[in-house]
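An overview of the molecular structure
Okay, here's what each chain looks like letter by letter:
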Amino acid sequence: MHRAWFVAAVTFVTIIGAAAFRSLPGLLIDPLHQEFGWSRGTIGAAVSINLALYGLTAPFAAALMDRFGIRRVVAGALTVIAAGSGLTVWMTAAWQLWLCWGLLVGLGSGSMALAFAATVTNRWFTERRGLVSGILTAASASGQLIFLPVLSWLTEHHGWRPAAVTVALAALAVVPFVWILLRDHPADVGQKPYGATEFVPKPPPVTGAARRTLKVLSTSVRTGTFWLLAGTFAICGASTNGLIQTHFVPAEHDHGMPVTTAASLLAVIGVFDVAGTIASGWFTDRFEPRRLLAVYYALRGISLVFLPMLLGPAVHPPMLFFIVFYGLDWVATVPPTLALCRENYGEDSAIVFGWVLASHQVGAALVAYLGGLARDVFGSYDLVWYASGTLCAAAALMALVIRRTPTAALPAVS
């Protein structure tokens, strides 16, 4: 077996270990509201800071990996996640939630974002990139599947603090695994990238990571493709991380469903997310990415419009159908979006994808806050579901007009 597959496996396990933090925000809303009396909008603001920094940090993290190596950046990010999650157990004011869960966990998780998967894929593979990006994207869903039932049980039976400590310990446990087993480049072990016909020497460290990241942004924003990719991915984040991941559990709880049951449904989404994302990577290697994106967003929008009619105190077949359907479509958008970035922006594609991911998280952050605010004002989430479904329809149309520009037309930013 080529060493690239071993590196991909290490990356997969690393992302799983770091995924615990993504399972917790939706479980914190009701316990923090009951213990401290904070409004859902206040708690949603902390989640919004977390999600926004998750995205805004990603492009800089991709450049930092070119400067200091993957291992150092990822190990440091996991440590910051552990510190932020662990410190929340002593908080007594809302600003401390914003600082620990918003700022620290947001910065750490941003460095563990999908730009990490994009960097590994670009360095170690020249063939099967769509499949590998799909597998690594699915790792986050696998982590959600593993941690969400455990964290929901801990939160319901022992309070939210043991759940926060579990997230911190999970992040710390992965650090030695990353440091010992992960490698930065195929040249470090004397191999060619998977599928390459020639040996690729390891490039020298790229200095000025922040400057390079901003230069790539200033170049890419001059193209219409960037704005279309960023716009569609912002809607993707709004309709997944910001909406379902943050508000599905409290919305079901509003309709009388136990928190543990609702969290289990969210975990089932993670099961089918794995299958859907890997399948999407396979499709991306064989079909036009733009058409795949249009289909994914259109189907997602239709499912969200029907969701308010499915919420209730018990699990019934139509809700199970929604869970399976939404799970298959959850982050299936990532492999074709990454492929379009690679086609249009070449060597800078990981950093460009980091900026596109930033828009994903900004969209998620807005809906995480606005969803909680809408619940406080209107007493239900119905308006949020319908608005998100409409946005997904717009994203489907935007995907169809993305142009596929040859990589050579856009030189790399040095």
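These numbers come from a predicted model, not from an experiment.

Formed by 85 residues in total, the largest nonpolar core has its most connected members in Leu24, Ile244, Met319 and Trp385. It is helix 17 (residues 349-378) that provides the largest number of residues to this core, a total of ten residues. In contact with methionine 319, not counting residues within four places along its chain, are Phe248, Glu252, Leu265, Leu307, Leu310 and Leu311. Core analysis: the second largest hydrophobic core is formed by 30 residues, Ala8, Ile16, Phe125 and Leu182 among them.

In this section: the environment of alanine 170. With respect to the secondary-structure elements, alanine 170 resides in helix 9 (residues 160-181). For alanine 170, a relative accessible area of 12% gives the class buried. Along the sequence, alanine 170 and valine 200 sit 30 residues apart, while their C-alpha atoms lie 35 Å from each other.

The terminal C-alpha atoms of helix 13 (residues 259-284), which comprises 26 residues, lie 36 Å apart, in line with the 38 Å expected from a rise of 1.5 Å per residue. At phenylalanine 272, helix 13 shows its strongest bend, of approximately 25°.

Across the protein chain, the average pLDDT comes to 82, with 93% of residues at or above 70. In the model, residues 407-414 has pLDDT below 50 throughout and makes 16 contacts with residues more than four positions away in sequence or in other chains.

The subject of this paragraph is the packing of helix 13 against helix 14 (residues 289-306). Closest axis-to-axis distance for the helix 13/helix 14 pair is 10 Å, and the angle between their directions is 145°. Two packed elements cross with a definite hand, and for helix 13 against helix 14 that hand is right-handed. Seen from helix 13, the contacting residues are Ser280, Phe283 and Thr284; seen from helix 14, they are Pro289, Leu292 and Tyr296. When the residues that make up the contact of helix 13 with helix 14 are grouped by side-chain class, the tally is four nonpolar, two polar and no charged.

Next up on the list: the pattern of salt bridges. Under the definition given, this model contains five salt bridges. Of the charged contacts in the structure, one is a salt bridge between glutamate 288 and arginine 291, with a shortest N-O distance of 3.2 Å. You can call arginine 291 exposed: its relative accessible area is 54%. Within this structure, Glu288, Arg290 and Arg291 form a network of salt bridges that share partners.

Assignment of secondary structure puts glycine 190 in the loop between helix 9 and helix 10 (209-220). Overall, the relative accessible area of 56% leaves glycine 190 in the exposed class. Placed 101 residues apart in sequence, glycine 190 and arginine 291 show a C-alpha to C-alpha distance of 39 Å.

Scoring rules and cut-offs
Residues numbered from 1 in each chain as written. Predicted model: local features only at pLDDT ≥ 70, side-chain atom pairs only at ≥ 80, totals over all residues. Heavy atoms only, no water. Core = buried A, V, L, I, M, F, W, Y, C linked by side-chain atoms within 4.5 Å. Buried < 20%, exposed > 50% of the residue type's maximum accessible area, 1.4 Å probe, protein only. Helix = DSSP H or I, 4+ residues; strand = E, 2+ residues; numbered from the N terminus. Contact = heavy atoms within 4.5 Å. Expected span 1.5 Å × (residues − 1). Bend = angle between axes of the 7 residues up to and from the residue. pLDDT = per-residue confidence, 0-100. Axes fitted to C-alpha atoms, helices over the stretch in contact; angles between N-to-C directions. Left-handed = near helix turned anticlockwise from the far one by under 90°. Nonpolar A, V, L, I, M, F, W, Y, C, P; charged D, E, K, R; others polar. Salt bridge = Lys/Arg side-chain N within 4 Å of Asp/Glu carboxyl O.

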